[in-house]
Amino acid sequence: MRTEASLDDLLAFLDESPSPAHVVESAAARLDAAGFTRIGEAADWSGATRSYVVRGGALVAWSAGEQVSHDSPFRIVGAHTDSPGLRVKPRPDSSSLGWRQLGIEVYGGVLLNSWLDRDLGIAGTVVDRDGDTHLVRIHAPLARVPQLAIHLDREISERGLLLDKQTHMTPVWGTGASQAGDFAAYLAEQCDLDGSDAVAAWELCLYDLTPAARLGMDLSLIASGRLDNQLSCWAAVSAITDAPAAGTTSVIALFDHEEVGSESRTGAAGPLLEHVLERLALARGAGRDSYLRALSASSCVSADNAHAVHPNYPERHEPNHRPMVNAGPAVKVNANQRYATSSETAALFERCCREAGVPVQSFVSRNNMPCGSTIGPITATRLGIATVDVGVPQLSMHSARELCGALDPIYMVNALDAYFQH
Ligand code: ZN
């Protein structure tokens, strides 16, 4: 049973994880500390009972109970490591009117305004000429997307802020004229590589330098970038470090690319989880039939943050399904299958919450508003595993700085702990 003391670890996790590659390493560090072993995809997995595998910005970890056999079911918690934001383009060097600028690509559904006037660092991976990957983080105020002064945009209060992704979101990162190769040379210097030619390619995110913080007169809230969905990644990692139930295998699947549709080698629509589950079953001597029997008895909790009711926009929420902060995780339901929850899986998760002493809520979108989606329906469709979509309620989803309750992350871990015992 986790208490509020473990929130310090959540804040540390958020601060350590400015990119999907960093989320994976933050998760790996905690799994290592809990006795998990990292194993290569090409290795022989027989005997790997408490292990994890990393593929790019995705990680799958498993912990097998003492009595698992070839047809034992899996208890899976899924989440995603990526968050909407700004990514550095392959040829980013540009300058205009005495400003050095960095070309960026908008990743996912970004609340563009939230990225204005923030001091931004850069983090992600750099691959050198020899093909070696370097985890890189430049934790310094390096770039900024400057907002236009109100004096030059007099209609902003009446018309709203209009931002063009291509022309208005380009950060400045210095003054003077820039030349092709400047950014690569800077990176090479930062990662101790030999000259700009040594940098072959990168996947780099800009990120807000402001650390995660407790907020409010009663410290009842948490403000941070990337709560969606690093909060759920942290909760999944925290829960799997406890011992699994004897006859099941606890699994966490932290996918990349959810914010852009999950269709990738490391996304939920790819074969990653399916291959891991099949390999685990085969390593236990399962045949095709016992593997499919194991899947039919398995279940999945897809954990991704939900929308808390907004005090300034109550009309945007379905009146009978308005999740409150610090009132427990919400079970997300959508008859049109944007969420994978069924009546059976909703009841399963509510039972887990009851056993853990955790309050639980229910979320449904308004009929006149499009509903978001998650990895839940995708994994359910691929694997045929009974799935429930749940999430901690938050405000400002997809902002550079999001807001959630301080009790809910703990509730989520305790509910997932109980789920892994089923
Ligand atoms: Zn999400």
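Residues numbered from 1 in each chain as written. Predicted model: local features only at pLDDT ≥ 70, side-chain atom pairs only at ≥ 80, totals over all residues. Heavy atoms only, no water.

Visitor: Go over the domain arrangement of the protein, please, and point to the residues and values.
Guide: By the assigned domains, the protein splits into domain 1 (4-83 + 225-420) and domain 2 (85-208). Of note, the centres of domain 1 and domain 2, computed from C-alpha atoms alone, are 31 Å apart. On the domain 2 side, the residues contacting the 21 residues of domain 1 number 19 residues. In total, domain 1 and domain 2 occlude about 1,400 Å² of area from one another, counting both sides; carbon and sulfur atoms represent 60% of this. On inspection of domain 1 and its partner domain 2, the count reaches zero salt bridges. (Domains from an automatic or database assignment. Contact = heavy atoms within 4.5 Å. Buried area = accessible area lost by both parts, 1.4 Å probe. Salt bridge = Lys/Arg side-chain N within 4 Å of Asp/Glu carboxyl O.)

Visitor: Could you give an account of the nonpolar core, naming the residues involved and the relevant values?
Guide: Ranked by internal contacts, the top residues of the largest apolar core, which has 52 residues, are L59, I252, L254 and F349. When residues of this core are assigned to their parent elements, the largest contribution, nine residues, is made by helix α5 (residues 227-240). Other than its neighbours up to four places away in sequence, L59 contacts V24, A27, A28, L31, Y52, V53, V54, I252, A253 and L254. If you look at the next biggest cluster of nonpolar residues, it comprises 30 residues, including L142, A143, V145 and L204. (Core = buried A, V, L, I, M, F, W, Y, C linked by side-chain atoms within 4.5 Å. Buried < 20%, exposed > 50% of the residue type's maximum accessible area, 1.4 Å probe, protein only. Helix = DSSP H or I, 4+ residues; strand = E, 2+ residues; numbered from the N terminus.)

Visitor: I'd like a rundown of the pairing of strand β12 (residues 221-224), residues and numbers included.
Guide: Residues of β12 alternate between two faces, with L221 and A223 on one and I222 and S224 on the opposite face, all of them buried. In this structure, the hairpin formed by strand β11 (residues 213-215) and β12 is closed by a connection of five residues, where G216 is found at a positive phi of approximately 110 degrees. Across four bridges, β12 lies against strand β20 (residues 402-405) in antiparallel orientation. Looking across to β20, one finds that A223 is bridged to L403. (Pairing = 2+ DSSP bridges.)

Visitor: Run through helix α1 (residues 7-15), naming residues and quoting values.
Guide: Those residues of α1 that fall on the buried side of the exposure criterion are L7, L10, L11, F13 and L14. On an axial view of α1, the arc spanned by its buried residues comes to 160 degrees, and they lie on one face. Of the surrounding elements, those touching the buried residues of α1 are α2 (20-33), β11, β12, α5 and α10 (408-420). (Arc of directions from axis to C-beta.)

Visitor: Describe the environment of I240, with residues and values.
Guide: Examined against the element boundaries, I240 turns out to sit in helix α5. The spatial distance from the C-alpha of I240 to the C-alpha of A79 is 13 Å, given a sequence separation of 161 residues. Once you skip the residues sitting within four places of it in the chain, I240 turns out to touch L31, F36, R50, A61, W62, S63, S250, V251, I252 and F420.

Visitor: Quick one: what's the story with the sheet that holds strand β17 (residues 361-363), residue by residue and with numbers?
Guide: The strand order across the open sheet built from nine strands is β1-β2-β3-β13-β4-β14-β18-β16-β17, with neighbouring strands paired in mixed fashion. Across the chains shown, the open sheet's two edge strands, defined by having one partner strand only, are β1 (37-38) and β17. Two elements, strand β14 (residues 299-303) and strand β18 (residues 386-391), share five bridges in a ladder whose sense is parallel. Pairing of S299 across the sheet is with A386, part of β18. With respect to the sheet, helix α8 (residues 343-356) is in contact with β14, β16 (330-332) and β18, its orientation differing from that of β18 by roughly 55 degrees. The strands touched by α10 within the sheet are β4 (74-80), β13 (249-255), β14 and β18, with β4 carrying the most contacts at an inclination of about 150 degrees. (Axes fitted to C-alpha atoms, helices over the stretch in contact; angles between N-to-C directions.)

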